[in-house]
Amino acid sequence: MDLNVFITTTDASCSECEEKLGRSAWITLVENKGALCLACADMDHLTFLPSGDAALTRRAGKYTILKAVVLKWSRARNRYERQGLLVEAQALERAEQECLADSEARTRCREWEAERRAELDQQYLDRFAVRLCELFPRCPPGRELVIAEHACLKYSGRVGRSAAAKQMEAEAVELAVIAHIRHTETDYDSLLAKGYERLEARDQVGSVVARILARWAAPGSKS
Ligand SMILES: [Zn+2]
């Protein structure tokens, strides 16, 4: 099942977190709910692969569990035009390794990643990672950085959310850890890819998430 992400052409806001997303926002459309931002749609862990390299796109699409087609309305042509795919970062890496040849799409992809990275606040990131290790001493080594980076991207430029997150409240850190566990340690993404509603899918993986969360929070050294 293909999920679609739309790049808006008018001002949009998320119907769940009520964040004002501005023009050219990336949204999903949910039946009876309207627009959702990618964070609320649980798709903000995906990486954008612009159209243009057929082989890379085919391979990345094959290796990713969850993917979405990115579409933008063309006023000139009066129809939606495909901009590329959102795929998992590991899937893109694997596809790139297979497509040895460099390409324009790859360069553009790097530029997009660099742009996102530029938004990261290094200090915030470090503090988040430290706090995470305090709260979850058994979080596998290195994961705290992945989680912190993702949380940092998610909160950057979002006034309503950053205030809470910047206080490094245990709750904010725990939410980020839960989202990470859901995406990396459970079937959550494949359930979404199969068309499950988010709440339904969360329900399904809830006990696995709780078990891993408890294990990571257990006192002691990293395992
Ligand atoms: Zn939202």
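Residues numbered from 1 in each chain as written. Predicted model: local features only at pLDDT ≥ 70, side-chain atom pairs only at ≥ 80, totals over all residues. Heavy atoms only, no water.

Once that is clear, we can look at the coordination of the zinc ion. Cys14 (SG), Cys17 (SG), Cys37 (SG) and Cys40 (SG) make up the full set of protein donors to the zinc ion, lying at 2.3 Å. Its four donor atoms give the zinc ion angles of 105 to 116° at the centre, a pattern that matches the tetrahedral case. Sequence spacing among the residues donating to the zinc ion works out to C-x2-C-x19-C-x2-C. (Donors = N, O, S within 2.8 Å, 3.2 Å for Na, K, Ca; no water. Tetrahedral: all angles 85-135°; square planar, octahedral: opposite > 155°, others 65-115°.)

On to the nonpolar core. With 44 residues, the main nonpolar core has Phe128 and Val177 as its most contacted residues. Listed by contribution, the elements that provide at least two residues to this core are strand 1 (3-7), strand 5 (34-37), strand 7 (68-74), helix 4 (122-135), helix 5 (143-155), helix 7 (170-185), helix 8 (188-193) and helix 9 (198-217). Among the elements that line this core, the one with the most residues is helix 9, at six residues. Not counting residues up to four positions away in its chain, the partners in contact with Val177 are Leu132, Phe136, Ile147, Leu213 and Trp216. One finds Phe6, Ile27, Leu49 and Cys99 within the second-largest nonpolar core, a separate group that totals 15 residues. (Core = buried A, V, L, I, M, F, W, Y, C linked by side-chain atoms within 4.5 Å. Buried < 20%, exposed > 50% of the residue type's maximum accessible area, 1.4 Å probe, protein only. Helix = DSSP H or I, 4+ residues; strand = E, 2+ residues; numbered from the N terminus. Contact = heavy atoms within 4.5 Å.)

Okay, the packing of helix 4 against helix 7 next. With their axes 10 Å apart at the nearest point, helix 4 and helix 7 run at an angle of 85° to one another. The angle between helix 4 and helix 7 falls in the class roughly perpendicular. Residues Phe128, Arg131, Leu132 and Leu135 of helix 4 lie in contact with helix 7, whose contacting residues are Ala170, Ala172, Val173, Ala176 and Val177. When its residues are assigned to classes, the contact of helix 4 with helix 7 shows eight nonpolar, no polar and one charged. (Axes fitted to C-alpha atoms, helices over the stretch in contact; angles between N-to-C directions. Parallel < 35°, antiparallel > 145°, perpendicular 65-115°, else oblique. Nonpolar A, V, L, I, M, F, W, Y, C, P; charged D, E, K, R; others polar.)

All right, on to the pairing of strand 8 (residues 79-87) then. Across four bridges, the pairing between strand 6 (residues 47-50) and strand 8 is antiparallel. Of the residues in strand 8, the one forming a bridge with Pro50 is Gly84. With seven bridges connecting them, strand 7 and strand 8 associate as antiparallel partners. Within the sheet, the bridge partner assigned to Lys72 lies in strand 8 and is Glu81. Between strand 7 and strand 8, which pair antiparallel and follow one another directly, the connecting turn spans four residues, one of which, Asn78, has a positive phi of 60°. (Pairing = 2+ DSSP bridges.)

Here His180 is to be found in helix 7. By relative accessible area, His180 is classed as buried at 12%. Spatially, the C-alpha atoms of His180 and Val209 are 9.6 Å apart, while their sequence positions differ by 29 residues. In this structure, His180 is in contact with Arg143, Val146, Ile147, Glu185 and Trp216, ignoring residues within four places of it in sequence. At 3.0 Å, the side chain of His180 forms a polar contact with the side chain of Arg143. (Polar contact = N/O pair within 3.5 Å; in protein donor to acceptor, adjacent residues only side chain to side chain.)

It is worth spelling out the pattern of salt bridges at this point. What the rule picks out here adds up to six salt bridges. Measuring nitrogen to oxygen at the nearest pair gives 3.0 Å for the salt bridge that ties Arg131 to Glu134. Of this pair, Arg131 and Glu134 both sit in helix 4, three residues apart, which is roughly one turn of that helix. Note on Arg131: relative accessible area 26%, which makes it partly exposed. (Salt bridge = Lys/Arg side-chain N within 4 Å of Asp/Glu carboxyl O.)

Here we take up the side chain of Glu88. Within the fold, Glu88 resides in the loop between strand 8 and helix 2 (89-98). Arg94 provides the closest opposite charge to the buried, salt-bridge-free Glu88, at an N-O distance of 9.3 Å. (Lys, Arg positive; Asp, Glu negative; His and termini not counted.)

To continue, consider the sheet that holds strand 5. Taken together, six strands build an open sheet; the order of strands is 5-4-1-7-8-6 and the sheet is mixed. On the outer flanks of this sheet lie strand 5 and strand 6, each paired with one strand and no other. Geometrically, the sheet is characterised by an average inter-axis angle of 40° between neighbouring strands, direction not taken into account.

On to a negative patch on the surface, then. A cluster of acidic side chains, namely Glu31, Glu197, Glu200 and Asp203, defines a negative patch on the protein surface. Here Glu31 lies in the loop between strand 4 (26-30) and strand 5. For Glu31, a relative accessible area of 70% gives the class exposed. (Patch = residues over 30% accessible without salt bridge, like charges linked within 9 Å, V, L, I, M, F, W, Y side chains within 5 Å. Areas by Shrake-Rupley, 256 points an atom, 1.4 Å probe, with all protein chains shown as cover. Charge placed at Lys NZ, Arg CZ, Asp CG, Glu CD.)

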